[in-house]
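Coordinate inspection notes
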Amino acid sequence: FSGKTHTKDEHRIISPPLAPIKRMGFASGLHNVVDKCHTEAPEVASWSDDGLHFIIKDANAFVNKTEKEIKYPSFVRQLNNYGFKNIRSTLEREGKRVTKGEDYFQHVMFRKGQRDLCKGIELKK
């Protein structure tokens, strides 16, 4: 099973929803969603070129991809509770290009291609 379905009427391929965060640990689920967006919906979210942070380009579309009924500000609070930092101002200070309306998040244990590191991301007490 490829995970794709063909509609009889429209003859188009419809991808299944992105990996839900609610069925796995928060960080692993988030990693899956960022990976999927990076390859299938880069206009929604993607990894940075160096893979050290991720970028949310369309907040509403991104939270819809998580399959959680959550508003974006609550999602950001949850990121903060897991130790993620919004690094927009840091990137600006370093002279890096940032785009208005996008959010840039980083965690030392959240790296492109290294999902196994997510095991080290825990809810702050």
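Below: a short report on this structure. As the structure is a computational prediction, the values presented were derived from the model and not from experiment.

1. Let's talk about the overall build of the protein chain
- Check the secondary structure of the protein chain and you find 4 helices and 6 strands.
- Its helices and strands taken in sequence order, the protein chain reads β-β-α-β-β-α-α-β-α-β from the N to the C terminus.
- For the protein chain, the residues scored as buried account for 38% of the 125 residues in total.
- A sequence separation of at least 24 residues applies to 49% of the contacts in the protein chain between residues at least 6 apart.

2. Things to note about the nonpolar core
- If you look at the biggest cluster of nonpolar residues, it comprises 23 residues, and the most contacted ones within it are Leu30, Phe54, Phe62, Phe75, Leu79, Phe84 and Phe110.
- Secondary-structure elements contributing two or more residues to this core are helix 1 (26–40), strand 3 (45–47), strand 4 (54–56), helix 2 (59–65) and helix 3 (72–81).
- Residue contacts for Phe110: discarding those within four places in its chain leaves Ala27, Leu30, His31, Val34, Trp47, Gly51, Leu52, Phe54, Phe84, Cys118 and Ile121.

3. Observations concerning the side chain of His31
- Among the structural elements, His31 can be located in helix 1.
- What His31 contacts, discounting residues up to four positions off in sequence, is Trp47, Phe110, Arg111, Lys112, Gly113, Gln114, Arg115 and Cys118.

4. Description of the layout of surface pockets
- If you add up the space inside the largest pocket, you get close to 370 Å³.
- For the largest pocket, the lining is made up of 19 residues, of which Ser48, Asp49, His53, Ile55 and Arg97 are closest to its centre.
- If you list the elements that add at least two residues to the lining of the largest pocket, you get strand 3, helix 4 (88–93) and strand 6 (103–106).
- Its residues placed into classes, the lining of the largest pocket shows 6 nonpolar, 6 polar and 7 charged.

Rules and cut-offs
Residues numbered from 1 in each chain as written. Predicted model: local features only at pLDDT ≥ 70, side-chain atom pairs only at ≥ 80, totals over all residues. Heavy atoms only, no water. Helix = DSSP H or I, 4+ residues; strand = E, 2+ residues; numbered from the N terminus. Buried < 20%, exposed > 50% of the residue type's maximum accessible area, 1.4 Å probe, protein only. Contact = heavy atoms within 4.5 Å. Core = buried A, V, L, I, M, F, W, Y, C linked by side-chain atoms within 4.5 Å. 1 Å grid on protein atoms, 1.4 Å probe; cavity = no way out; pocket = protein on both sides within 12 Å on 5 of 7 lines; lining within 4 Å. Points joined across faces, edges and corners; volume = space filled by probe spheres on them. Nonpolar A, V, L, I, M, F, W, Y, C, P; charged D, E, K, R; others polar.

Don't take any of this as a statement about function, it's just geometry.
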